[in-house]
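Structural description and commentary
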Amino acid sequence: RQPKRLADYQPPSFLVSKTDLSFELDPTATRVSATLTFQRNGAGIMILDGQQLKLISLRLNGQMLTDKDYRLTEDSLEIVKPGNSGVLEIVTELNPDQNSALEGLYLAEGVYCTQCEAEGFRRITYYPDRPDVLAVFTTTIIADSSQLPFLLSNGNKVSETLLSDGRTAVKWHDPFPKPAYLFALVAGDFDCLTDAYVTASGRQVSLEFYVQKGALSRSHFAMAALKRAMHWDEQRFGLEYDLDRYMVVAVDFFNMGAMENKGLNVFNSKYVLADDSSATDQDYFNIESIIGHEYFHNWTGNRVTCRDWFQLSLKEGLTVFRDQEFSADMGSATLNRIEAVKLIRTAQFAEDASPMAHPIRPEQVLEMNNFYTVTVYDKGAEVIRMLQTILGKTGFNAGLKCYLDRHDGQAVTCDDFVQAMQDATGQDLTQFRRWYSQSGTPEVKVQEHYDATSARLTLKLHQHTPVTADQTIKQPLLMPMRIELLFSNAGSSMRQLLLLSNEEQEFQFDGIHEQPLIVWLEDFSAPVKLSTHYQPEQLLLIAGRATNGFARWDAMQQYWSLLISKAVTGGLLPQLPAELVSLFKQLLQQPLADIALTAELLALPDFDTLAEQYTEIPVDALLSCLAHLTQQLAEALAIELTACYQRFDSIAYHYNEQGVALRALKGRCLHYLAFTNEGEHWVNQHYRQADNMTDQLTALKAAQYAELATSNSLLEDFAKRYQHNVQVMDKYFSLVATTPNDAVFTHLDRLTQHSLFSWKNPNRVRAVFGAFSQRNAKQFHRADGRGYQLLAQIVTKLDPINPQLAARLLTPLLSWQRYDQQRQHLLAGLLKALAAQASLSNDVFEKVSKSLP
Ligand code: B3K
Ligand code: ZN
């Protein structure tokens, strides 16, 4: 197996300017006729990608080719004498029904659907399946329209014809040249929600959502979110939609969240369908953000695309940044930042410390699908955010405009992007580019020195990036560090932006007449691990006073981390300090005007955040500390928790900033109240009175974490109530999979027998086994290895069915070196056994082989 390397990039030898496709849909024998108009672009042979295809016929400029005119392998087709330009006609046959990998064209629940990114188009026809070949696509879909009333593809609908055999042919034309990964076809029977949007320049766009029959009433929120996204992109970046039609199809069988195919997004139904009785605040949030994300790709990804897949962050990091900015404007910016940073500090830091460590622009890839990672996406977004911090919003907007104007219609690189930012602003970004090539989490140490006589404050910063699995040599990075100096006089402070570029660097401030308390890394202005010398009391002061909401939350998190790490080192359970109790009392008695922030300030760090602060993760100690602290907080604050819980009457459900915040605060109180003597009462009442999914789930989770006797009966009630709503049943599956005791193994077994469960449906598999391995630390990390064994079995079972999914689920097993000897031994054994299996997919093989010494 040969990985591809960025360093080996060669421009394509042939380009395709026109791609005409015709599909005759059939469950087991779909015929695809492709007519490619090609031109030579450089030296080299004509080699087309193709996988799992049956070649039926091949013509060059009208002449039938015979087997001496071409060479066929498992994954390619070489045309021996193509000439410098011409027309190639390829007929292939494929089996959508058998396609459980959900890549290429597949049939699931009566719907034909495609997924071509990254390299799925080669499962549809022989083609130069690479993002730097851009063609104008015309697609004809032929099918029985009584079975499949909607036959959709990219662009504009050109014609619909009834054929003599009773079938219907629908023809689509997409005027924008695009790489094959943005091609899409959907055929099925749906309910359709339509609406319209008038762009800033007055163009009328028809908006269409295709959803499963009966789900129309659950697609209004997504439609409204789409209109908000379209408007926001016009306001913020001056970017308008460019086709007459924007279609979104929701399907239950999908490997990821959604896909930005030109003019025809395909979405996981989880990120479209919602109503107040079935969706949580989090679901609504996710829908708005993903609808935004795929829409924003129309410019950052589609109009300007990637030259090669190593450049993936060019579109993904940038588009995540754009969706984060959108969400921040639609709701609470502080809350959004907190959530984004949690993801970096858990999954992304873990990836940097794992055998899969890679820069946001990877250098070597065996299976591209393995690189749709938190590093490429979310660290990628942090890198873009740093650019905005360094250049300012105006500079950044100018840079983005320059990038899009300069490269519209092209397939380009991350370097091209940074160059545009540099050219538009005049800022030298040479050193900044290292963020694209260097992997790992930088560690920054800070020291402060205050001299009263000269009124001078000196700040000394030191940066160091530890070696990673993929890279040994690390260089200093350019990082923006936002700080705030707090003075004793309440309300008096000074905010600064420091640009750290050297390994060691000093910053001096004169005219500082008293020693300030420094808030470091406001708003998480760089994706680094910071080590400071705070005393616990100082952190509580920052939590009370910092201007930046994120910084206040962060100070609380650091406070708990410090307390817990002292306890872990001493082999003891942490005791609640009196000053913490009084701060919490105050927050509960007088919540801040920012209710959402109050709820966050009252939260303990989660297990995964704490875990990333240790080289060897003390699993059991961390879990006991967290449970113990929760119990102690509940006991010490029972009265205040009750009062705060009761203070806010439940308001009728509405998804808006205030509602979200109130539910979060009440939910936080309930989480602790569940640990008091009256836990059962509060949880039962919360569950029964809930008029929405958020509150129901809050009650169920509280009951489960506190291991209340009522937990099981509430869960049963829940399952009965929602047995007909598969999206909600996924939540039930996940809840059961996070059962914190031994019983979980019997439950998991039972769930796989459930009538709704299918090994072929990624949503179901993720709901059960994703939840078990990523959100049930206690049982997954059992010292006897039972959790690990189970996950390894599941990966083995899934690999032949859906390699992409199998490889994703495998991730938690890779970090075996992060645990104690016994766990290391168990994990390494399982990984070796996996590696020894015959016919592993590239997806699983690449990860397993990297994880073994
Ligand atoms: N671009 C797609 C992800 C494709 C993943 C392929 N394995 C969704 C997104 O990031 O918008
Ligand atoms: Zn994306």
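Per an unreviewed UniProt entry, the recorded name for the protein is Aminopeptidase N, and the organism is Alishewanella longhuensis. The protein has a UniProt comment under Sequence similarities (unreviewed entry) that states "Belongs to the peptidase M1 family."

A short note on the sheet that holds strand 27 (residues 479–486)
Taken in spatial order, the three strands make up an open sheet running 28-27-30, and their pairing is antiparallel. Each edge of the open sheet is held by one strand with a lone partner, namely strand 28 (493–500) and strand 30 (517–519). When strand polarity is set aside, the average angle formed by the axes of neighbouring strands in this sheet is 30 degrees. Here strand 27 pairs with strand 30 via three bridges, running antiparallel. Residue pairing for strand 30: Leu 486 is matched across the bridge by Leu 517.

Some details on the environment of Asp 606
Here Asp 606 shows up in the loop between helix 11 (595–601) and helix 12 (607–611). Residues Asp 606 and Thr 346 lie 260 residues apart in sequence; the distance between their C-alpha atoms is 9.2 Å.

What to know about the sheet that holds strand 9 (residues 85–94)
Taken in spatial order, the eight strands make up an open sheet running 6-5-9-3-2-12-15-14, and their pairing is mixed. A strand with exactly one partner marks an edge of an open sheet, and here the two such strands are strand 6 (63–64) and strand 14 (156–162). The pairing of strand 2 (residues 14–24) with strand 12 (residues 135–143) spans seven bridges and is classified as parallel. The residue bridging Phe 23 from the neighbouring strand is Ile 141, located in strand 12.

Regarding the UniProt feature "domain: Aminopeptidase N-like N-terminal" (unreviewed entry) in the protein
In the UniProt entry, the feature "domain: Aminopeptidase N-like N-terminal" (unreviewed entry) is given for residues 93–182. Within the segment residues 93–182, helix and strand shares are 0% and 48% respectively, and the terminal C-alpha atoms sit 21 Å apart.

Some remarks on the site of ligand 1
For ligand 1, the full set of nearby residues is Glu 117, Ala 118, Met 256, Ala 258, Met 259, Glu 260, His 293, Glu 294, His 297, Glu 316, Asn 369 and Tyr 372. When contributions to the shell around ligand 1 are tallied by element, the ones reaching two or more residues are strand 20 (258–259) and helix 2 (281–296). Among the residues forming the shell around ligand 1, the class breakdown is five nonpolar, three polar and four charged.

The rules we used
- Residues numbered from 1 in each chain as written.
- Chains lettered and ligands numbered in written order.
- Predicted model: local features only at pLDDT ≥ 70, side-chain atom pairs only at ≥ 80, totals over all residues.
- UniProt positions renumbered as here; feature names shortened; annotations may be inferred.
- Pairing = 2+ DSSP bridges.
- Helix = DSSP H or I, 4+ residues; strand = E, 2+ residues; numbered from the N terminus.
- Axes fitted to C-alpha atoms, helices over the stretch in contact; angles between N-to-C directions.
- Near = placed C-beta within 6 Å.
- Nonpolar A, V, L, I, M, F, W, Y, C, P; charged D, E, K, R; others polar.

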